[in-house]
Amino acid sequence: MIMPNIAAFIAWGFITAFFIPTGWTPNETLAALVGPMIVYLLPLLIANTAGRMVYGTRGGVVASIATMGVIVGTTIPMFLGAMIVGPLAAWIMKKIDALWAGKIRAGFEMLVDNFSAGIVGFGLAIGAFFGIAPVVTVLSDALGAGAKFLTETGLLPLASLVIEPGKVLFLNNAINQGVLTPLGIQESAETGKSILFLLEANPGPGLGLLLAFTFFGVGIARATAPGAIIIHFLGGIHEIYFPYVLMKPVLIVAMIAGGMTGITTNLIFESGLRAPASPGSIFAILLQTASDSYVGVILSVILSAAVSFLVAALILRASRKRDLEALESGADGFSSAVAQNADLKGGESRVGDLLGTTATATKISTVVFACDAGMGSSAMGATVLRKKLKDAGITGVTVTNKAIANLDETADLVITHQDLTARAQSQAPHAEHVSVENFMNSPQYDVVVQHIKAQQS
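Residues numbered from 1 in each chain as written. Predicted model: local features only at pLDDT ≥ 70, side-chain atom pairs only at ≥ 80, totals over all residues. Heavy atoms only, no water.

1. Observations concerning the overall build of the protein
Then comes step 1: Counting its regular elements, the protein contains 18 helices and four strands.
Then comes step 2: Classification of the 457 residues of the protein by burial places 51% in the buried group.
Then comes step 3: Summarising the internal contacts of the protein: among those between residues at least 6 apart in sequence, 72% fall at separations of at least 24.
Then comes step 4: Of the roughly 20300 Å² of accessible surface on the protein, a fraction of 66% belongs to carbon and sulfur atoms. (Helix = DSSP H or I, 4+ residues; strand = E, 2+ residues; numbered from the N terminus. Buried < 20%, exposed > 50% of the residue type's maximum accessible area, 1.4 Å probe, protein only. Contact = heavy atoms within 4.5 Å. Areas by Shrake-Rupley, 256 points an atom, 1.4 Å probe, with all protein chains shown as cover.)

In structure tokens form, the structure reads like this:
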């Protein structure tokens, strides 16, 4: 719900950074944009996205109507309320529509559709105003008070004990966009910046880990680490380093140590970002850094990378002999770790369809990489395939990435992680589908390239 709307959060961050009284170019007239955007625009975008994911355009409309109830029913930005009310309202509308599906007399369809959505939206908005807004307000206040307590008592670095293991288990979006971003936006609206935006997005710990593998790793892990650094630190795709931790779980100690160091540094310098940095690239972080926080933020990245590098290096050096022996025996733990990394996304598994006869029936001109949010891993996969097509001299094929919920009839071929293929097939049944275990390096890409090349020739 949050990820597809990150651009709006970033836009709000720039408007805040430039025009509030303490901004780069204070402007009282333009600063009037800040309040309405955080109170109305951002929650309604979240609600609409959630509604569309559940029940298409109709669900998005009803979700937006219902979310106005929680927005007006409270005095704080209703991000959490939108994430609760949005999908719930769309689901209720979907179930109500199912009650009279196929039973409406010809000519009355539009009348029933419009009035039923309006009546349901009306009822849900009233219910959200009285029933959900007070509950979400209490929950939001409790979470905010907890974050404030941890910040004021200096205990906030302990959050790394949850955040760093959670990231490796693919809970990074749930932690960052689901909890830290809404709380950070609220704090930033009050103070102009928030440290909460840096708890999960700091690329320092991952950088230190990958540097340790570059110098002290073995096998495929060492060979791929330098490239992973570019993708992680500059591109902001943190999940690229998850397999390195999974192949040697004790390395989570290095990540926690690095994360704690970064948070402690930001606490000492009272530094923070004006808005979310997504993806967690060093460029995005510097663009969103508050004007009085550059020293603290830059130091937090450098020091967290240094600490995670030192701890990871000690661990890798201590196990280097054993790792080399395993490598010589033909067992490279990194390959199995990549597979484990894929398994952690959960769901059903399916083999790619291009090897079947149906694949040859479709002229492929549009390839779509799809994942939950339509960013991150699917964007990496799209980049890899574009390069392979270019190297093969293939032209006239468009390769894009998007969220599974946004798949439409324009896609000829949809490539997804194997655990998400079933969902993609239900969303785009007309397209051919290919499953991969690893977006960064899948043998299926070569099959796709050869297949398209054969079609064009």
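2. Description of the pairing of strand S3 (residues 413–417)
Then comes step 1: Within S3, five of the five residues are buried, leaving the element largely enclosed by the surrounding structure.
Then comes step 2: Of the pairings in the sheet, the one linking strand S1 (residues 366–371) to S3 comprises four bridges and is parallel in character. Bridge pairing links Val367 to Leu413 in S3.
Then comes step 3: Between S3 and its parallel partner strand S4 (residues 432–436), the chain crosses via helix H17 (residues 421–427), and the hand of that crossover is right-handed. (Pairing = 2+ DSSP bridges. Right-handed = clockwise from strand over helix to strand, strands pointing away.)

3. Here we look at the packing of aromatic side chains
Then comes step 1: Here the structure, examined in full by the defined rule, presents eight aromatic pairs.
Then comes step 2: Between Phe18 and Phe19, the aromatic rings sit 6.0 Å apart at their centres with planes inclined by 40°, giving tilted as the arrangement.
Then comes step 3: These aromatic residues form a ring-pair network of at least three members: Phe215, Phe216 and Phe309. (Phe/Tyr/Trp six-rings, centres within 6.5 Å; stacked < 30°, edge-to-face > 60°.)

4. Some points on a nonpolar patch on the surface
Then comes step 1: A surface patch of nonpolar side chains, about 500 Å² in accessible area, is lined by Phe18, Trp24, Tyr294, Ile298, Ile302 and Leu303.
Then comes step 2: It is helix H13 (residues 294–318) that contributes the most residues to the nonpolar patch, four residues altogether. (Patch = residues over 30% accessible without salt bridge, like charges linked within 9 Å, V, L, I, M, F, W, Y side chains within 5 Å. Salt bridge = Lys/Arg side-chain N within 4 Å of Asp/Glu carboxyl O.)

5. Overview of helix H3 (residues 79–99)
Then comes step 1: With 21 residues, H3 ought to run about 30 Å at 1.5 Å a step, and its terminal C-alpha atoms sit 31 Å apart, in line with that.
Then comes step 2: Those residues of H3 that sit buried are Phe79, Leu80, Gly81, Ala82, Met83, Val85, Gly86, Pro87, Ala89, Ala90, Met93 and Asp97. (Expected span 1.5 Å × (residues − 1).)

6. Overview of the sheet that holds S1
Then comes step 1: An order of S2-S1-S3-S4 is seen for the four strands of this open sheet, with the pairing classed as parallel. One side of each edge strand has no neighbouring strand; the edge strands of this open sheet are strand S2 (398–403) and S4. Put simply, the sheet's adjacent strands are angled 25° from each other on average, direction ignored.
Then comes step 2: The pairing of S1 with S2 spans six bridges and is classified as parallel. If you follow Cys371 over to S2, its bridge partner there is Ala403.
Then comes step 3: In the packing of helix H16 (residues 377–391) onto the sheet, contacts are made with S1, S2 and S3, and the angle to S2 comes to roughly 175°. (Axes fitted to C-alpha atoms, helices over the stretch in contact; angles between N-to-C directions.)

7. Digging into the nonpolar core
Then comes step 1: If you look at the biggest cluster of nonpolar residues, it comprises 44 residues, and the most contacted ones within it are Phe9, Trp12, Ile46, Phe79, Ile185 and Leu273.
Then comes step 2: For this core, the secondary structure elements donating two or more residues are helix H1 (6–19), helix H2 (34–72), H3, helix H4 (109–152), helix H7 (197–201) and helix H12 (282–288).
Then comes step 3: Sort the elements by how many residues they give to this core and H2 lands first, with ten residues.
Then comes step 4: If you look at the next biggest cluster of nonpolar residues, it comprises 30 residues, including Leu209, Phe213, Val301 and Met380. (Core = buried A, V, L, I, M, F, W, Y, C linked by side-chain atoms within 4.5 Å.)

8. What to know about the side chain of Ser188
Then comes step 1: Inspection of the secondary structure puts Ser188 in helix H6 (residues 172–191).
Then comes step 2: A polar side-chain atom of Ser188 sits 2.6 Å from the main-chain carbonyl oxygen of Arg274.
Then comes step 3: In this structure, Ser188 is in contact with Trp12, Lys193, Ser194, Phe197, Leu273 and Arg274, ignoring residues within four places of it in sequence. (Polar contact = N/O pair within 3.5 Å; in protein donor to acceptor, adjacent residues only side chain to side chain.)

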